Amino acid sequence: METIKILGTDDTPNVILDANNEIFEISGRSLPEDVSAFYEPILAWLDEYAQNPNPKTIFTFKLVYFNTASSKLLLDILMRCEHMKEDGADVVIRWCYPDDDEDMQEAGEEYADIVDVPFEMEAYSL
């Protein structure tokens, strides 16, 4: 399966979707001008990956900021993870947030309440 690597900018997150090396990560800031166009290939990749996922998938979110438009697409990613879990895959979400950022911690907790996927909350120092 083809790997997706998107180098982050000031407005877009760094994205690595690499099934062969078991790296599934979105990090940085997410406020792309056209959020749908940015996330569409990511969602399409996940749809394809869901057809034959790895025995275990740990999807890491390490965001420092995301706008409202991005929050919907992040939820779409989490929903795809939930569907993989419902289909029998072992999926874990690792939600990393700066240890002094209560908003990002709360965002992770809210997502954890919405989707039925195990969440690991992990604070880190900047």
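From a predicted model like this one, the values you see are computed outputs, not experimental measurements.

Student: Outline the nonpolar core, supporting the account with residue identities and numerical values.
Tutor: Core analysis: the largest hydrophobic core is formed by 35 residues, its most contacted members being Tyr39, Phe59, Phe61, Ile77 and Trp95. Discounting chain neighbours no more than four positions away, the residues touching Tyr39 are Pro13, Ile26, Ser30, Pro32, Ser70, Leu73, Leu74 and Ile77.

Student: With reference to specific residues and values, describe the sheet that holds strand 2 (residues 14–18).
Tutor: Strand order in the open sheet made by the six strands is 1-2-3-4-5-6, with mixed pairing throughout. With one partner strand each, in any of the chains shown, strand 1 (4–6) and strand 6 (119–124) form the two edges of the open sheet. Within this sheet the neighbouring strands show an average axis-to-axis angle of 15°, counted without direction. In this sheet, strand 5 (residues 90–98) lies alongside strand 4 (residues 56–66) in parallel orientation, the contact comprising six bridges. Within strand 5, the position partnered with Thr60 by the bridge is Arg94.

Student: Got a sec to walk through the packing of aromatic side chains? Specific residues and values, please.
Tutor: To describe a pair of aromatic rings, one takes the distance between the centres and the angle between the planes. Applying the stated criterion across every chain, the model contains 10 aromatic pairs. When the ring of Phe59 is compared with that of Phe61, the centres are 4.8 Å apart and the planes differ by 20°; the resulting orientation is stacked. Comparing Phe59 with Phe61, the two get one shared label, buried. When the ring of Phe66 is compared with that of Trp95, the centres are 6.4 Å apart and the planes differ by 90°; the resulting orientation is edge-to-face.

Cut-offs applied
Residues numbered from 1 in each chain as written. Predicted model: local features only at pLDDT ≥ 70, side-chain atom pairs only at ≥ 80, totals over all residues. Heavy atoms only, no water. Core = buried A, V, L, I, M, F, W, Y, C linked by side-chain atoms within 4.5 Å. Buried < 20%, exposed > 50% of the residue type's maximum accessible area, 1.4 Å probe, protein only. Contact = heavy atoms within 4.5 Å. Pairing = 2+ DSSP bridges. Helix = DSSP H or I, 4+ residues; strand = E, 2+ residues; numbered from the N terminus. Axes fitted to C-alpha atoms, helices over the stretch in contact; angles between N-to-C directions. Phe/Tyr/Trp six-rings, centres within 6.5 Å; stacked < 30°, edge-to-face > 60°.

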